[in-house]
Amino acid sequence: MAQIFSRIVGTGGYLPEKVLTNHDLESMVDTTHEWIVARTGIHQRHIAAENETTCDLAQQAALQAMDAAGIRPEDIELIIIATTTADQVFPSTACKLQHRLNIPQGPAFDVQAVCAGFIYALDIADKYIRSGTVKRALVVGAETFSRIIDWTDRNTCVLFGDGAGAVILEAAAKPGIIASHITADGRYRNLLEVPGGVSSAYQDVQNGRAYVRMQGHEVFKWAVKALGNEAQDMLAANHLSVDELDWLVPHQANIRIISAMAKRLHIPMERVIKTIHRHGNTSAASVPLALNMAVRDGRIQAGQKILLEAFGGGFTWGSVLIHYI
Ligand code: UT7
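Computed from a predicted model, the values in this text were never measured in an experiment. (Residues numbered from 1 in each chain as written. Predicted model: local features only at pLDDT ≥ 70, side-chain atom pairs only at ≥ 80, totals over all residues. Heavy atoms only, no water.)

On to the sheet that holds strand 15 (residues 316-324). On the basis of which strands lie adjacent, the open sheet formed by four strands has the order 8-15-14-13 and mixed pairing. In this open sheet, the two strands that pair with only one neighbour each are strand 8 (177-184) and strand 13 (247-250). Neighbour-to-neighbour, the strand axes of this sheet turn through a mean angle of 10°, independent of strand direction. Packed onto the sheet, helix 5 (residues 117-130) meets strand 8, strand 14 (304-312) and strand 15 and runs at close to 130° relative to strand 8. Together, strand 8, strand 14 and strand 15 form the strand contacts of helix 7 (residues 216-237), whose direction differs from that of strand 14 by roughly 150°. (Pairing = 2+ DSSP bridges. Helix = DSSP H or I, 4+ residues; strand = E, 2+ residues; numbered from the N terminus. Axes fitted to C-alpha atoms, helices over the stretch in contact; angles between N-to-C directions. Contact = heavy atoms within 4.5 Å.)

Take the side chain of Glu-309 next. With respect to the helices and strands, the residue Glu-309 is situated in strand 14. It turns out Glu-309 is buried and unbridged, and the closest side chain with the opposite charge, Arg-264, is 9.3 Å from it. Apart from residues lying up to four places away in sequence, Glu-309 is in contact with Ile-119, Leu-227, Glu-230, Ala-231, Leu-248, Val-249, Pro-250, His-251, Met-261, Val-287, Gly-318 and Ser-319. (Buried < 20%, exposed > 50% of the residue type's maximum accessible area, 1.4 Å probe, protein only. Lys, Arg positive; Asp, Glu negative; His and termini not counted. Salt bridge = Lys/Arg side-chain N within 4 Å of Asp/Glu carboxyl O.)

Taken together, the neighbourhood of the ligand is formed by 23 residues, with Thr-31, Arg-39, His-251, Asn-254 and Asn-281 sitting nearest. One nitrogen or oxygen atom from the side chain of Thr-31 is found 2.6 Å from a nitrogen atom belonging to the ligand. Trp-35 places a polar side-chain atom, nitrogen or oxygen, 3.4 Å from a nitrogen atom of the ligand. In isolation the ligand exposes 950 Å². Once the protein is present, 74% of that is buried. Placement of the ligand is best described as lying within the second largest pocket. Mapped by element, the contributors of at least two residues to the shell around the ligand are helix 2 (33-40), helix 6 (154-157), helix 7 and helix 8 (255-265). In terms of residue count, the dominant contributor to the shell around the ligand is helix 7 (four residues). (Near = heavy atom within 4 Å. Polar contact = N/O pair within 3.5 Å; in protein donor to acceptor, adjacent residues only side chain to side chain. Areas by Shrake-Rupley, 256 points an atom, 1.4 Å probe, with all protein chains shown as cover. 1 Å grid on protein atoms, 1.4 Å probe; cavity = no way out; pocket = protein on both sides within 12 Å on 5 of 7 lines; lining within 4 Å. Sits in = over half its atoms within 2 Å of the grid points.)

The next subject is the packing of aromatic side chains. Under the defined criterion, the tally for this structure stands at seven aromatic pairs. The ring centre of Trp-247 lies 5.9 Å from the NZ or CZ of Arg-299, which sits over that ring. (Phe/Tyr/Trp six-rings, centres within 6.5 Å; stacked < 30°, edge-to-face > 60°. Lys NZ or Arg CZ within 6 Å of the ring centre and 35° of its normal.)

Turning our eyes to something else, we now look at the nonpolar core. Formed by 47 residues in total, the largest nonpolar core has its most connected members in Ile-267, Phe-311 and Phe-315. The set of elements that each furnish at least two residues to this core consists of helix 7, helix 8, strand 14 and strand 15. Considering every element that reaches this core, the biggest residue donor is helix 7, with ten residues. The contact partners of Ile-267, leaving out residues within four places of it in the chain, are Val-242, Leu-245, Leu-248, Ala-262 and Val-272. By size, the runner-up hydrophobic cluster in this structure holds 35 residues, among which are Leu-78, Ile-177, Ile-306 and Val-320. (Core = buried A, V, L, I, M, F, W, Y, C linked by side-chain atoms within 4.5 Å.)

This part covers a nonpolar patch on the surface. Taken together, Val-89, Phe-90 and Val-198 make up a surface patch of nonpolar side chains, about 400 Å² in accessible area. Secondary-structure assignment places Val-89 in the loop between strand 4 (78-82) and helix 4 (93-100). With relative accessibility at 69%, the residue Val-89 sits in the exposed group. (Patch = residues over 30% accessible without salt bridge, like charges linked within 9 Å, V, L, I, M, F, W, Y side chains within 5 Å.)

With that out of the way, let us pick up helix 5. Between the first and last C-alpha of helix 5 there are 20 Å, a value that for 14 residues agrees with the 20 Å anticipated at 1.5 Å per step. With ten of 14 residues buried, helix 5 is to be regarded as a mostly interior element. When helix 5 is considered as a whole, its buried residues turn out to be Gly-117, Phe-118, Ile-119, Tyr-120, Ala-121, Leu-122, Asp-123, Ala-125, Asp-126 and Ile-129. Where helix 5 terminates, the next one or two residues include Gly-132, which has phi positive at roughly 85°. (Expected span 1.5 Å × (residues − 1).)

Next up on the list: the pattern of salt bridges. Applying the stated criterion across every chain, the model contains 13 salt bridges. Measuring nitrogen to oxygen at the nearest pair gives 3.5 Å for the salt bridge that ties Arg-213 to Asp-150. Taken together, the positions of Arg-213 in strand 12 (residues 213-214) and Asp-150 in the loop between strand 6 (136-143) and helix 6 put the pair 63 residues apart, joining distant regions of the chain. We classify Arg-213 as partly exposed; its relative accessible area is 23%. Among the ionic pairs, Arg-187 bridges to Asp-185, the shortest N-O distance being 2.7 Å. Overlapping salt bridges bring together Arg-72, Glu-74 and Asp-75 as one network.

Below you can see the structure in the form of structure tokens.
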């Protein structure tokens, strides 16, 4: 039997209407627009409305991706949502989305790998398609990270934003997704975390809620090293040189992480997709949002080779090498 691969046939994205600028943050914490831009590259981020949830953002991104792919709800056989900020403890956000979009079949589940979540979800969906289990998957990265941010902590509140990105993955005779790789190192779990949870005692609760805590400097160093090595290993394993790569679509956490990693890889910044200035760090949504933007503005085109990669709490990280066909 001929081998089955997967390919991306549609992308979508959604950002909440409300924009929070660095100048807005100046009146909330002891910070300046200049500091935030110099240290992170971020100018603004989008914040979900009070009654807007992760599933609402996921729904908009998914509809756009389905429209781009020209498919109907009944064509989708698998839904995976990468999120750290699910609407509820359960059911999963993917099950809620399945109902909202009138998708008549499953499976549907959430994946939790924080900022690397979309890479994890794409890796899983590709394997479902390659095995012949399903023909079409909806893969979403969606977050309302603003809900787990301590808005009095200048170390973290200037970094994050809300949003959603989605792709439709379809069975194909040729790859599409050339290769994917995901990994984790739980020894570093405490460097970036929300210390409270459902099953553990809430050790870090303010007003009954738990928030992101981060040792920024340590995370920064690790992210540059892990992402640099990840990209080099992925290209080497697939006998590709950096010159053969058309676009790098990295997780948007900090422009300094992106440029340090690009320098390590010897890829010019002109071939790196950047949304950090407008979106901030949208965690699991950052890679699909950046991918969608570059597809829609015409930079990413059929025939090109693209490397997606991300790094997040856990630590978790990974990459997906794509022939955009
Ligand atoms: O998605 C993956 C998860 N997250 C990341 O990848 C983030 C990784 N880390 C980073 O991006 C950077 O470490 C930060 C942007 C968080 C911080 O930048 P940094 O260059 O590592 O700064 P720093 O933490 O070493 O802090 C430098 C100074 C400190 O003051 P002192 O101790 O030197 O007096 C901070 O208190 O900057 C201060 N600072 C701020 N000043 C103004 C920290 N946050 C702010 C702020 N505004 N918002």
